[in-house]
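Fold and geometry: a report
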Amino acid sequence: MDQVGTFCGSVGGVCGWSCGATISAARLPGCGSDNRIDVTSNSVAGLHTTADFQGTIDLQECMEGADEDGGCMTSPNAFQHWNCPQCKYDPNPVGSDMDISLDEEASPTRIYTSLPRMKVTLRGAQSPKASNLFNQPRVVMLRSSVAETGVWKKLYMKDTGKFELPVLVDAPTKDPDAESDEEGSTVFDAYTKQAMILRQPSRLAMQPDWCFGPRGPLYLVACAVNSTLYENEDFKNFTAGQRVAPPPFNDRCVAVSGRCGSACSGAAQHLDRCTADGYIEQSALVGKILPQKNESISVWLFVFLLLLGFAVKVAVLCPGIFRSYPHYRRYIPDLTEELRFIVVCVTSNDESRALALRSLIGAVSAIPAECRCRYHVAYVDEGHRPVHKALWMKFCHLVAAIPQ
């Protein structure tokens, strides 16, 4: 642990169980709930050392593919949800008979679950002042466990050139004829491969083929937006001279700044809200964004008209809802006293006599009990068939013969 404090100027990393594990990272001492190692200026994972660590280090998982610069495209996943690939490692020396499986004593290829590619980002660190330092900071990946508290070891295997480095399981197999000779491959210094590159992601170099604006007094504003908002296929790119909404710009920009002055002109001219060093005052670019509400007179009037129209429809189409009227919920013989007669009409077109007889019997059977008015059954044969006329007459004689 003391060597970490002696040789490392900045520390940081992740902790817990990876590869989709469900165990909480809080079970490890010195590990936060966000799967990050607790680091202070003189301690790592709760263990103190004689050091003065500076800056912060972020360790992120690399997804498949690369960004526009060909580098690692990082994932926002926590260490617990990293996607761990399957790798294979050949423990036999390069160029030997065991390497091409000609020796029965050759060790088999080992397949194991490996951590994915990672990206290390260092922020806020000052370059130390000494003569025996690299011109670029180097990264050393270390690991430790609860069984060896305070003991840190290198995570990766040293490249000596005598053994093939691990590769993904689905990586294409090398052609033996295309492999190098028995002397092995070229060996690179680990510290050379682990040199960090200075990047300034917040900087943007613009080289348009059109003019920004006219010559003379000018306000120039740079607005950084979330790229996912404009990656839709239906979105058309911004065009030269396109007008945009005025400030405040923080309703659409995640970061904004601007310069002001006389462009391409030697004559200086004072501009409002412009500082002495040529920057637009930040208060002129951002401001309080009020939430959009529908509390306007036009909206209230529209809602009132909708409710009024609905009320009129209800009053016209459903009058029974608002006033009661007398009605019987069941049959009472006294109801038929108000009627002069009841007529039930049975029609027939091309039905047989059996179906017509069935309808006639049903019509006669439908007479209300204790009916106080005349009850008539009419038979209309649209075919004017004599046999149906005879059926109707015989049916009437039969009904007349039934005692009252």
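Structure first, text after, so check above.
Here's a quick rundown of the structure. (Residues numbered from 1 in each chain as written. Predicted model: local features only at pLDDT ≥ 70, side-chain atom pairs only at ≥ 80, totals over all residues. Heavy atoms only, no water.)

Description of the overall build of the chain
What counts here: Secondary structure elements follow DSSP: runs of H or I of four or more residues count as helices, runs of E of two or more count as strands, with numbering from the N terminus. Burial classes: relative accessible area under 20% of the type maximum marks a residue as buried, over 50% as exposed, and values in between as partly exposed (1.4 Å probe, protein chains only). Residues count as neighbours in contact if any of their non-hydrogen atoms are within 4.5 Å of one another. Accessible areas in this description were obtained via Shrake-Rupley with a 1.4 Å probe; residue shielding takes into account the shown protein chains only.
In terms of helices and strands, the chain carries five helices and 15 strands. For the chain, with 404 residues in total, the buried portion stands at 19%. Pairs at least 24 apart in sequence give 65% of the contacts found in the chain among residues at least 6 apart. Taken as a whole, the chain presents about 31,300 Å² of accessible surface, with 56% of it coming from carbon and sulfur.

So, the pattern of salt bridges
The line we're drawing: Every case where a carboxyl oxygen of Asp or Glu lies within 4 Å of a side-chain nitrogen of Lys or Arg is listed as a salt bridge.
For the coordinates displayed, the defined rule picks out nine salt bridges. Two residues, R372 and D334, come together in a salt bridge whose shortest N-O distance is 3.3 Å. Remark: D334 occurs in the loop between α3 (297-317) and β14 (341-348) and R372 occurs in the loop between α4 (353-365) and β15 (374-381); sequence separation between them is 38 residues. On the accessibility criterion, D334 (44% relative accessible area) is partly exposed.

Details of the state of the cysteines
Put simply, the rule is: The disulfide criterion is simple: two cysteine sulfur atoms within 2.5 Å.
Counted by the stated rule, this structure contains five disulfides. Here C223 engages in a disulfide with C253; their sulfurs sit 1.7 Å apart. Its torsion about the S-S bond being -105°, the disulfide of C223 and C253 is classed as left-handed. Residue C223 is located in strand β12 (residues 216-224), and its partner C253 is located in the loop between β12 and β13 (255-263); the two are separated by 30 residues in the primary sequence. Taking relative accessible area as the criterion, C223 reaches 35% and is therefore assigned partly exposed. Each disulfide pairs two cysteine sulfurs, and for C260 the partner residue is C274, the sulfurs being separated by 1.9 Å. On the S-S bond that ties C260 to C274, the torsion sits near 95°, and the link is right-handed. On the criterion of sequence distance, the pair formed by C260 in strand β13 and C274 in the loop between β13 and α3 is long-range, its members being 14 residues apart. Under the relative-accessibility criterion, C274 is labelled buried at 16%. Disulfide partners in the chain, listed by the sequence order of the bonded cysteines, are 1-3, 2-6, 4-5, 7-8, 9-10. Of the cysteine sulfurs around C371, a residue in no disulfide, the closest is that of C373, at 3.7 Å.

Remarks on the sheet that holds strand β1 (residues 39-40)
Applied cut-off: Two strands are said to pair when DSSP picks up at least two bridges between them.
Reading across the sheet, the three strands line up as β1-β2-β3 and stay open at both edges, with antiparallel pairing between neighbours. Two strands in the sheet have a free side with no partner beyond their single neighbour: β1 and β3 (47-48). Here strand β2 (residues 43-44) runs beside β3; their pairing, made up of two bridges, is antiparallel. Its bridge partner being in β3, V44 is matched across the sheet by L47.

Focus on the environment of V139
In this structure, V139 sits in the loop between β8 (118-123) and β9 (142-143). Given a relative accessible area of 16%, V139 falls into the buried group.

Remarks on a nonpolar patch on the surface
Basically, it comes down to this: Surface patches are drawn from residues lacking salt bridges whose relative accessible area is over 30%; two like charges belong together within 9 Å, two nonpolar side chains (Val, Leu, Ile, Met, Phe, Trp, Tyr) within 5 Å.
There is a patch of nonpolar side chains on the surface, built from L301, F304, L305, L308, V312, V316 and L317 and spanning about 710 Å² of accessible area. Following the sequence through the fold, L308 ends up in helix α3. By relative accessible area, L308 is classed as partly exposed at 43%.

Side note on the packing of aromatic side chains
Heads up, the condition is: Side-chain rings of Phe, Tyr and Trp (the six-membered ring for Trp) are treated as a pair once their centres are within 6.5 Å; stacked means planes under 30 degrees apart, edge-to-face means over 60, and tilted covers the remaining angles.
By the definition in use, this model includes two aromatic pairs. With a centroid separation of 4.9 Å and an interplanar angle of 75°, the aromatic rings of F79 and W82 are classed as edge-to-face. Judged by relative accessible area, F79 falls into the buried class, the value being 10%.

As for the sheet that holds strand β6 (residues 86-89)
Pairing within the open sheet is antiparallel, and its three strands lie in the order β7-β6-β11. Bordering the open sheet on either side are β7 (110-113) and β11 (167-168), each of which pairs with just one other strand.

Quick word on the pairing of β14
Note the cut-off: For a crossover, the right-handed case is the one in which the path from the first strand over the helix to the second runs clockwise, viewed with the strands pointing away from the viewer.
Bridge count for β14 against β15 is eight bridges, and the pairing is parallel. Counted as the bridge partner of V346 is Y379 from β15. Note that the unit made of β14, α4 and β15 has a crossover that is right-handed.

A few points about α3
Because an α-helix completes one turn every 3.6 residues, residues spaced three or four positions apart along the sequence face the same direction. Threshold: Every helix has an expected span of 1.5 Å times one less than the residues it contains.
Over its 21 residues, α3 extends 30 Å from the first C-alpha to the last, a length consistent with the 30 Å expected when each residue adds 1.5 Å. In terms of burial, α3 is largely open, as just zero of its 21 residues are buried.

A few points about the environment of L391
Mapped onto the fold, L391 is located in helix α5 (residues 386-401). In sequence terms L391 and R353 are 38 residues apart; their C-alpha atoms lie 7.4 Å from each other. Apart from the residues lying within four places of it in its own chain, the contact partners of L391 are R353, A356 and L357.

Details of unusual backbone geometry
The omega angle of the peptide bond from P247 to P248 is 10°, so this bond is cis rather than trans. Relative to the elements of secondary structure, P248 occurs in the loop between β12 and β13.

Description of the side chain of T336
Basically, it comes down to this: Within 3.5 Å is the distance limit for a polar contact, defined as a pair of N or O atoms, with the added protein rule that one can donate a hydrogen and the other accept it, and that residues adjacent in sequence qualify only through two side-chain atoms.
With respect to the helices and strands, T336 occurs in the loop between α3 and β14. The class for T336 is buried, based on a relative accessible area of 3%. For T336, the side chain forms a polar contact with the main-chain oxygen of P333, separated by 2.7 Å. Apart from residues lying up to four places away in sequence, T336 is in contact with Y331, E370, C371, R372 and C373.

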